[in-house]
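One letter stands for each residue in the lines below.
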Amino acid sequence: MAHNYQSKYQNPVINWIDTRLPIFWLVDTAVGAGHPTPKNLNYWWNFGSLAGLCLVIQLISGFVLAMHYTPHADMAFASVEHIMRDVNYGWRIRYIHANGASFFFVVVFIHIFRGLYYGSYKAPRELLWMLGVTILLLMMATAFMGYVLPWGQMSFWGATVITNLFSAVPFVGDSIVTLLWGGFSVDNPTLARFFSLHYLLPFVITGTVILHVWALNMPGSNNPSGIDVKGPQDTIPFHPYYTIKDVFGIAVFLAVFCAFVFFMPNALGHPDNYIPADPLATPSHIVPEWYFLPFYAILRAVPDKLLGVVAMFASIGVLFVLPWLDTSPVRSATFRPLYKKFFWIFIVVCFGLGWCGQADTDMPLIPFGEDEQAIAENIAARLPADSRAELLANVPGDLKVLETYATRAGMSEAAFERLVEKEKVTFDVLHLNRLLTAYYFFHFLVLIPLLGWFEKTRPLPESLSSPVLSPSAMPAE
Amino acid sequence: MKKALLSGFAALTLLGAAPAAMAEEEYLTSEEATEKYHKYPEHFSFPQSGIMGTFDRAQLQRGFQVYREVCSACHSLERVAFRTLTQIGYSEEEVKALAAEYEVQDGPDDDGEMYYRPAKPSDYIPSPYENEQQSRASNGGAYPPDLSLITKARPHGPDYVASLVGLGYTDEAPEDVQVSDGQYYNPYFHTVLLAMAQPLYEEQVEYADGTPATIEQMAQDVTTFLTWAAEPSMEARKRTGIGVMIFLAILIVVSYVSYKKVWEDVKK
Ligand code: HEM
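Residues numbered from 1 in each chain as written. Chains lettered and ligands numbered in written order. Predicted model: local features only at pLDDT ≥ 70, side-chain atom pairs only at ≥ 80, totals over all residues. Heavy atoms only, no water.

**Section: the overall build of chain B**
Under the convention used in this document: Numbering goes from the N terminus for both helices and strands, where a helix is a DSSP run of H or I of at least four residues and a strand is a run of E of at least two. Residue burial is assigned from relative accessible area. The probe radius is 1.4 Å, only protein chains are included, and a residue is buried under 20% of its type maximum, exposed over 50%, and partly exposed in between. Contact definition: two residues touch when any of their heavy atoms are within 4.5 Å.
Scanning chain B from N- to C-terminus turns up 9 helices and 4 strands. Counted from the first residue to the last, chain B has its helices and strands arranged as α-α-α-α-α-β-β-α-α-β-β-α-α. A burial count over chain B gives 39% of its 268 residues as buried. By sequence separation, contacts in chain B at least 24 residues apart represent 63% of the contacts at least 6 residues apart.

Here you go:
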């Protein structure tokens, strides 16, 4: 901004203000007529403005909730029910806020996958991308703490499980956990600090979003072809072209969102959170909110607690360095036939991880028969020494034969069946979970760097305006 | 089973094994019993289910009667105030009279004493027990949960509650399930054994509107009432939702048409 900036607006009042504080200029260049935008953006580019809308929805509904909510372990649950039952429009505000968090994540996940598909993280947009990943991290912290506030069973036990993870940090782990708890277990001080942070972090997010949009405005938007804008013939002003398109996107988004808020407001929540928190009764399954499931799965995939936590954070951390892992000079997957395939595999893997995150880790998926060796050893322990040696020297592969030994060892039929059941060898959820976790990192750390070297990309169009309709996008005429 | 018993018996006599070993052979473990007998709730079509569904006021009142005459002996409903009962079709006068049938503690008075007085519409429905400890003491250690949110606090809540109290007590416990004292078999409960005795019996209440009081009828009535208690705003929510969706449908059409109009000159 020049020091002797003179506003060019006609209206004298606006001109007077704008010359002294170029706020109209700022808005105009950010999202107005003064912001040239590639003319070929598709609907996936709607999700940025939708994310902004979600933030506003959360901020407004959140601060109304905060007027009626009581951050105290004895009263939090009742105060949320008070909002639901007694506060005018309370149930609407609360359902909007609870479902709004879920939809915020839906939108942001799509927004991120859009970036992955069209290579929007590559130069010169690395910092823009990294600010986006920062927003994701802040959102996760905010949503996690928000979910604790209603102080239901899942609030309490989710908070217990997740905060306990930090105890894995070497040396200072226990101090960190004590600090998070404000004591020696999840209790009233925990709730109070989580409320304070839950109120604070959205404003940190808002600040980061402003930086994010600023960083977007320097190079401008990427576009489906991934090639640079060559001149004015490639662009149209943001307003009115993209403002009206965003209004349409917002209307469609709100329709889906309101379908949840008004017709299935609890579909995305867990029923246990309508049971007041009880430190003495552990729920049979503690599951995080759906948007944490893929990360939770990565955590559980690693047997070591500390390494699990490291893996979970690394799964997001790897996004920070993605711009430097990707060696391909071509941005858009449209012109990267191999990357496009791996992108879709990656999507499936992410959904798979999400599924694993909510499943029982020891649920069998593919049976492989029984472990005869283990069964034989179990039976042998009950046999007299000589028949024990006989059995172990030559373990029969046939269950029928094993059963005769079992009978000799005094085992009942039922006990034998139970033993066989116990020693079933299966490919279970945990195995799948590990496989998918390994693939997740393989995708970023091996595939992405290698593809840049080996992939034969398709020829890029000259410019956006000449073949906006690149061969693949052109309908067969 | 016989074979298992016999071999268990043989083991007992020959090896002098502990009697516990026999019990183990005879009964399923808790996990096995759950796996074998647990049932998912039946699906009921309540008038209030579905996008447009609304409560049947007569059914709500019958359900309230079942709660009052049966469930309230053990279960509280502490989040429901008498005044809200006007929503299920009672007049202000009726609510006043209803509330006055209960005694609530109030005070302290000018002498510093707590005292009992008849409840007013602004009071909440009094609980059968003073606190959780007392309710456990009266129920063999088990805690009859507050029912104000029960249909939201269980997966498929309404179907679950109606199945649990309406269908769950008809079968005898299978012989390989060990039912200890104070436990009752109910395949809809997550461990198939719970501490609630069968609460409903045929003709247990007498409905003023003449509806036959079968177990299933009472179960569905009380479930409907509890669904209302868990979310009194449900009808308002759906009603608002319809209006909102109509508005958004119009907005979608208008914004789409404008979008296409504005973009006319961009893509030829
Ligand atoms: C990034 C934006 C935000 C996200 C993702 C978010 C997320 C959440 C979530 C998941 C819950 C639990 C909802 C439930 O199950 O009941 C919650 C509750 C709550 N949030 Fe937020 N929130 C955000 C912003 C805010 C803001 C800015 C405020 C206050 C100014 C706020 C105040 C509250 C309060 C008071 C509750 C407890 C009431 C309740 O649980 O319904 N939130 N939030």
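Having put the structure on the table, let's press on.
**Observations concerning the overall build of chain A**
Quick reminder of the rule: Accessibility throughout is a Shrake-Rupley quantity obtained with a 1.4 Å probe, and a residue counts as covered only by protein chains that appear here. The charge count includes Lys and Arg as positive and Asp and Glu as negative, but it does not include His or the ends of the chains. A charge is said to be at NZ when it belongs to Lys, at CZ for Arg, at CG for Asp and at CD for Glu.
Within chain A, the secondary structure is distributed over 18 helices and 4 strands. The principal-axis extent of the C-alpha atoms belonging to chain A is close to 105 × 60 × 50 Å. Residues classed as buried in chain A amount to 48% of the 477 residues present. Restricting to contacts in chain A with at least 6 residues of sequence separation, those with at least 24 account for 78%. With an accessible surface of roughly 23200 Å², chain A has 69% of that area assigned to carbon and sulfur atoms. Taking the average location of the 28 positive side-chain charges in chain A and that of its 34 negative ones, the two points are 10 Å from each other.

**Brief notes about the interface of chain B and chain A**
Quick reminder of the rule: Here's the idea: put two parts together, see how much 1.4 Å probe accessible area each one loses, and the total over both is what we call buried area. The salt bridge criterion pairs a side-chain nitrogen of Lys or Arg with a carboxyl oxygen of Asp or Glu, the two atoms within 4 Å.
With 40 residues of chain B at the interface, the matching set in chain A holds 40 residues. When chain B packs against chain A, close to 3400 Å² is buried across both sides, 66% of that on carbon and sulfur atoms. There are 2 salt bridges connecting chain B and chain A. With its nearest N and O atoms 3.4 Å apart, the salt bridge here joins Arg418 of chain A to Glu32 of chain B.

**Thoughts on the site of the ligand**
All names here are of chain A. We count it as follows: If a single non-hydrogen atom of a residue is within 4 Å of a molecule or strand, that residue counts as near it. Side-chain atoms alone can form a polar contact between residues adjacent in sequence; in general such a contact is a pair of N or O atoms within 3.5 Å, and within protein one must be able to donate a hydrogen while the other accepts it. In the scheme used here, Gly and all other residues not listed as nonpolar or charged are polar, with Ala, Val, Leu, Ile, Met, Phe, Trp, Tyr, Cys and Pro taken as nonpolar and Asp, Glu, Lys and Arg as charged.
In the vicinity of the ligand, 24 residues are found, and the nearest of them are Arg94, His97, Gly146, His198 and Tyr199. Within the side chain of His97, an N or O atom sits 2.8 Å from a nitrogen atom of the ligand. Within the contact set of the ligand, a nitrogen atom lies 2.7 Å away from a side-chain nitrogen or oxygen of His198. At the level of secondary structure, the elements contributing two or more residues to the shell around the ligand comprise helix 3 (47-68), helix 5 (90-118), helix 6 (126-148) and helix 9 (188-217). It is helix 3 that contributes the most residues to the shell around the ligand, 6 residues altogether. Residues that form the shell around the ligand fall into these classes: 17 nonpolar, 6 polar and 1 charged.

**Quick word on the coordination of the iron atom of the ligand**
All names here are of chain A. What counts is decided by this rule: Listed donors are limited to N, O and S atoms within 2.8 Å of the metal, widened to 3.2 Å for Na, K and Ca; water is not among them, so incomplete-looking sites are possible. Working rule for geometry: tetrahedral if four donors all subtend angles between 85 and 135 degrees; square planar for four, octahedral for six, if opposite donors exceed 155 degrees and the others stay between 65 and 115; irregular in every other situation.
Within the protein, the atoms that donate to the iron atom of the ligand are His97 (NE2) and His198 (NE2), at distances of 1.9 to 2.0 Å. Coordination geometry of the iron atom of the ligand: the 6 donor atoms subtend angles of 87 to 179° at the metal centre, consistent with an arrangement described as octahedral. Residue His97 is located in helix 5, and its partner His198 is located in helix 9; the two are separated by 101 residues in the primary sequence. Across the pair, His198 and His97 agree in class, each one buried.

**Section: the packing of helix 13 (residues 337-358) of chain A against helix 18 (residues 429-454) of chain A**
Residues and elements named next belong to chain A. To keep it simple, the criterion reads: Angles here are taken between N-to-C directions and fall from 0 to 180 degrees, while the axes themselves are lines fitted to C-alpha atoms, restricted in helices to the stretch in contact. Here roughly perpendicular refers to angles of 65 to 115 degrees, roughly parallel to angles under 35, roughly antiparallel to angles over 145, and oblique to all remaining angles. In a left-handed crossing the near helix is turned counterclockwise from the far helix by less than a right angle, and in a right-handed crossing that turn is clockwise.
Two numbers describe how helix 13 lies on helix 18: the axes approach to 9 Å, and their chain directions differ by 150°. Taken together, the axes of helix 13 and helix 18 lie roughly antiparallel to each other. Like other packed secondary-structure pairs, helix 13 and helix 18 cross with a definite hand, here left-handed. Counting all contacts with helix 13, which are made through Leu338, Tyr339, Phe342, Ile345, Phe346, Val349, Cys350, Gly352, Leu353, Trp355 and Cys356, the residues of helix 18 involved are Val429, Leu432, Asn433, Leu436, Thr437, Tyr439, Tyr440, His443, Phe444, Leu447, Ile448 and Leu451. Here the residues of the contact of helix 13 with helix 18 sort into 19 nonpolar, 4 polar and no charged.

**Points about the packing of aromatic side chains**
What counts, and what does not: Geometry of aromatic contacts follows a simple scheme: Phe, Tyr and Trp rings, the Trp one being its six-membered ring, pair when their centres are within 6.5 Å, and the pair is stacked under 30 degrees between planes, edge-to-face over 60, tilted otherwise.
Per the stated rule, a full pass over the model turns up 51 aromatic pairs over all chains. Measuring from centroid to centroid gives 5.6 Å for Trp151 of chain A and Phe156 of chain A, while their planes differ by 85°, and the two rings are edge-to-face. The burial state of Trp151 of chain A is the same as that of Phe156 of chain A; both residues are buried. Relative to Trp263 of chain B, the ring of Tyr241 of chain A lies with its centre 5.8 Å away and its plane at 85°, an arrangement referred to as edge-to-face. One end of the pair, Tyr241 of chain A, is in helix 10 (residues 238-263); the other, Trp263 of chain B, is in helix 9 (residues 234-263), on a second chain. On the accessibility criterion, Trp263 of chain B (6% relative accessible area) is buried.

**Things to note about empty space enclosed by the protein**
Residues and elements named next belong to chain B. Counted only if it meets this: Grid points spaced at 1 Å and placed over the protein atoms alone form the basis of the search, with a cavity being a set where a 1.4 Å probe fits but cannot get out and a pocket an open set showing protein on both sides within 12 Å along at least five of seven lines. Lining residues have an atom within 4 Å of a point. Grid points are joined across faces, edges and corners, and a volume is the space filled by probe spheres set on the points.
Scanning the entire structure with this criterion turns up 1 cavity of 30 Å³ or more. Every residue along the wall of the largest cavity is listed here: Val165, Gly166, Leu167, Tyr169, Thr170, Gln198, Leu200 and Ile215. For the lining of the largest cavity, a count of residues per class yields 5 nonpolar, 3 polar and no charged.

**A closer look at the domain arrangement of chain B**
All names here are of chain B. This is how the line gets drawn: Residue ranges for the domains trace back to a domain assignment, done automatically or taken from a database.
Domain annotation of chain B identifies domain 1 (40-79 + 144-231) and domain 2 (233-268). Placing the centre of domain 1 and that of domain 2 at their C-alpha centroids yields a distance of 41 Å. Counting from both sides, the interface comprises 10 residues of domain 1 and, opposite them, 6 residues of domain 2. Taking both sides of the interface into account, the surface hidden between domain 1 and domain 2 amounts to around 680 Å²; carbon and sulfur atoms contribute 49%. Sorting the residues of domain 1 by area buried against domain 2 places Ile51, Phe55 and Glu231 first, and these three jointly supply 58% of that buried surface. At the boundary of domain 1 and domain 2, one finds 2 salt bridges. The shortest N-O distance in the salt bridge between Glu231 and Arg237 comes to 2.8 Å. Taken together, domain 1 and domain 2 are joined by 8 residue pairs in polar contact (both at pLDDT 80 or more). When its residues are assigned to classes, the side of domain 1 that touches domain 2 shows 3 nonpolar, 5 polar and 2 charged.

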